[in-house]
Amino acid sequence: MGGGVGLSVHGLFRVATEKSLFAMPETAIGLFPDVGGGYFLPRLQGRLGYFLALTGFRLKGRDVYRAGIATHFVDSEKLNLLEEDLLSLKSPSKEKIADVLETYHAKSKADEGKAFALEEHLGRINSCFSANTVEQIIENLQRDGSPFALEQLKVIQKMSPTSLKITLRQLTEGSSQSLKDVLTMEYRLSQACVGGHDFPEGVRAVLIDKDQSPKWKPASLAEVTDEAVSSYFRSLGSNDLKL
């Protein structure tokens, strides 16, 4: 979840099991999907990544693979055997590793009969989240009016308005940037968030006091100006991330 995803999701091989849980819940704590979220999320199918980033929706088990976040799915009880087979490879190569993973993937049975949890909603996600502004996304969800759309609307309205706006711009810009450039951008965002109001307040409300009642400032999307959003993306000059 969150930054922990960023430590692994950029790897060539990513294995999920029926016990896997994926989420990018940062907008709920006044942050944004960091550690390269701006790179991998907009590259998922359709507008799925934008949906996951803005709502913090949780994917479980084989759905982590179906969403394109994991490259392979392996039954958790087989992980020890998989590890042994990988360690026993003579002169390991990408091709040999892929062959081993494919063998285990093909034999996996857990969650096999379950449909992708978001399958029936993908068209709706693509339609509602194909917008240039958070306000338009909210309008799209309201206009759609389905139970699923209204549930996502309810979720989004609890999130930090500032986080929602910087996250949408982060993914929009990251969709055409290199990973290096995305990480530089996200470092700038992280420094601005640490010095702002919503991130400390979100951590307090969700992780420390656990009252689940953050007091966002600004409290509405209308109050978060384009100028304020742009300030989060400003170069840090000599303090910019160097890779």
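Residues numbered from 1 in each chain as written. Predicted model: local features only at pLDDT ≥ 70, side-chain atom pairs only at ≥ 80, totals over all residues. Heavy atoms only, no water.

The protein chain has the name 3-hydroxyisobutyryl-CoA hydrolase in an unreviewed UniProt entry, where Myotis myotis is given as its organism. Reading the Sequence similarities (unreviewed entry) entry of the UniProt record for the protein chain gives the comment "Belongs to the enoyl-CoA hydratase/isomerase family." (UniProt positions renumbered as here; feature names shortened; annotations may be inferred.)

One pass over the structure, following the stated rule, counts one cavity of 30 Å³ or more. Its volume calculated, the largest cavity comes out at about 40 Å³. Lining the largest cavity are G30, T162, S163, I166, A192, C193, G196, H197, D198, F199 and Y232. By residue number, the principal contributor to the lining of the largest cavity is helix α10 (residues 161-174), which donates three residues. (1 Å grid on protein atoms, 1.4 Å probe; cavity = no way out; pocket = protein on both sides within 12 Å on 5 of 7 lines; lining within 4 Å. Points joined across faces, edges and corners; volume = space filled by probe spheres on them. Helix = DSSP H or I, 4+ residues; strand = E, 2+ residues; numbered from the N terminus.)

Turning next to the packing of helix α8 (residues 134-144) against helix α9 (residues 147-156). For the pair α8 and α9, the least separation of the axes is 8 Å and the interaxial angle reads 145°. Both α8 and α9 take part in a crossing whose hand is left-handed. Each of I137, I138, L141, Q142 and D144 in α8 lies in contact with α9, whose residues at this interface are A149, L150, Q152, L153 and I156. A breakdown of the residues in the contact of α8 with α9 according to their chemical character gives seven nonpolar, two polar and one charged. (Axes fitted to C-alpha atoms, helices over the stretch in contact; angles between N-to-C directions. Left-handed = near helix turned anticlockwise from the far one by under 90°. Contact = heavy atoms within 4.5 Å. Nonpolar A, V, L, I, M, F, W, Y, C, P; charged D, E, K, R; others polar.)

Under the feature "domain: Enoyl-CoA hydratase/isomerase" (unreviewed entry), the UniProt entry names residues 1-233. Segment residues 1-233 splits into 52% helix and 3% strand. End C-alpha atoms: 24 Å apart.

Every buried residue of α9 is listed here: F148, A149, Q152, L153 and I156. Across the axial projection of α9, the buried residues extend over an arc of 140°, all falling on one side. Here the buried face of α9 lies against α3 (48-55), α7 (122-128), α8 and α10. (Buried < 20%, exposed > 50% of the residue type's maximum accessible area, 1.4 Å probe, protein only. Arc of directions from axis to C-beta.)

Before going further, it helps to examine the side chain of T184. Within the secondary structure, T184 sits in helix α11 (residues 179-194). In contact with T184, other than residues within four places in its own chain, are D240 and L241.

Next up on the list: helix α12 (residues 198-208). If you check which residues of α12 are buried, you get D198, E201, G202 and A205. The arc that holds the buried residues of α12, viewed along the axis, is 100°, so those residues lie on one side. Turned more than 90 degrees off the buried face of α12, the exposed positions are L207 and I208. Just downstream of α12 lies K210, where phi reads positive at about 60°.

As a further point, take the nonpolar core. With 41 residues, the main nonpolar core has F22, L41, L52, L59, I69, L118 and F129 as its most contacted residues. When residues of this core are traced back to their parent elements, those giving at least two are α3, α7, α8, α9 and α10. Per-element tally for this core: the top contributor is α3, with six residues. Grouped together as the second largest cluster of nonpolar side chains are 12 residues, I166, M185, V224 and V229 included. (Core = buried A, V, L, I, M, F, W, Y, C linked by side-chain atoms within 4.5 Å.)

Below, the discussion takes up the side chain of R62. By secondary structure assignment, the location of R62 is in helix α4 (residues 62-66). For the buried R62, which has no salt bridge, the nearest side chain bearing the opposite charge is D75, at an N-O separation of 4.9 Å. Reaching out from R62, the side chain makes a polar contact with the side chain of S108 at a distance of 3.2 Å. For R62, the contacting residues outside a window of four places in its chain are T17, F73, S108, K109, A110, D111 and E112. (Lys, Arg positive; Asp, Glu negative; His and termini not counted. Salt bridge = Lys/Arg side-chain N within 4 Å of Asp/Glu carboxyl O. Polar contact = N/O pair within 3.5 Å; in protein donor to acceptor, adjacent residues only side chain to side chain.)

Now for the packing of helix α5 (residues 79-87) against helix α6 (residues 94-107). In contact at an axis separation of 10 Å, α5 and α6 are set at 160° when each is read in the N-to-C sense. As the angle between them shows, α5 and α6 are arranged roughly antiparallel. Taken as a pair, α5 and α6 cross one another with a handedness that is right-handed. When α5 is examined against α6, the residues L81, L82, D85 and L86 are found in contact with a partner set consisting of I97, V100, L101 and Y104. Residues that form the contact of α5 with α6 fall into these classes: seven nonpolar, no polar and one charged. (Parallel < 35°, antiparallel > 145°, perpendicular 65-115°, else oblique.)

We now examine the layout of surface pockets. The computed volume of the largest pocket comes to approximately 460 Å³. Around the largest pocket, the lining comprises 17 residues; the ones closest to its centre are A28, T55, V155, K158 and M159. A per-element tally of the lining of the largest pocket places α9 first, with three residues. Of the residues that constitute the lining of the largest pocket, the class distribution is 10 nonpolar, four polar and three charged. Counted as a void, the second largest pocket has a volume near 250 Å³. What lines the second largest pocket is a set of 15 residues, and nearest its centre among them are V5, S8, V15, V64 and I69. Mapped by element, the contributors of at least two residues to the lining of the second largest pocket are α1 (3-6), β1 (15-16) and β2 (21-22).

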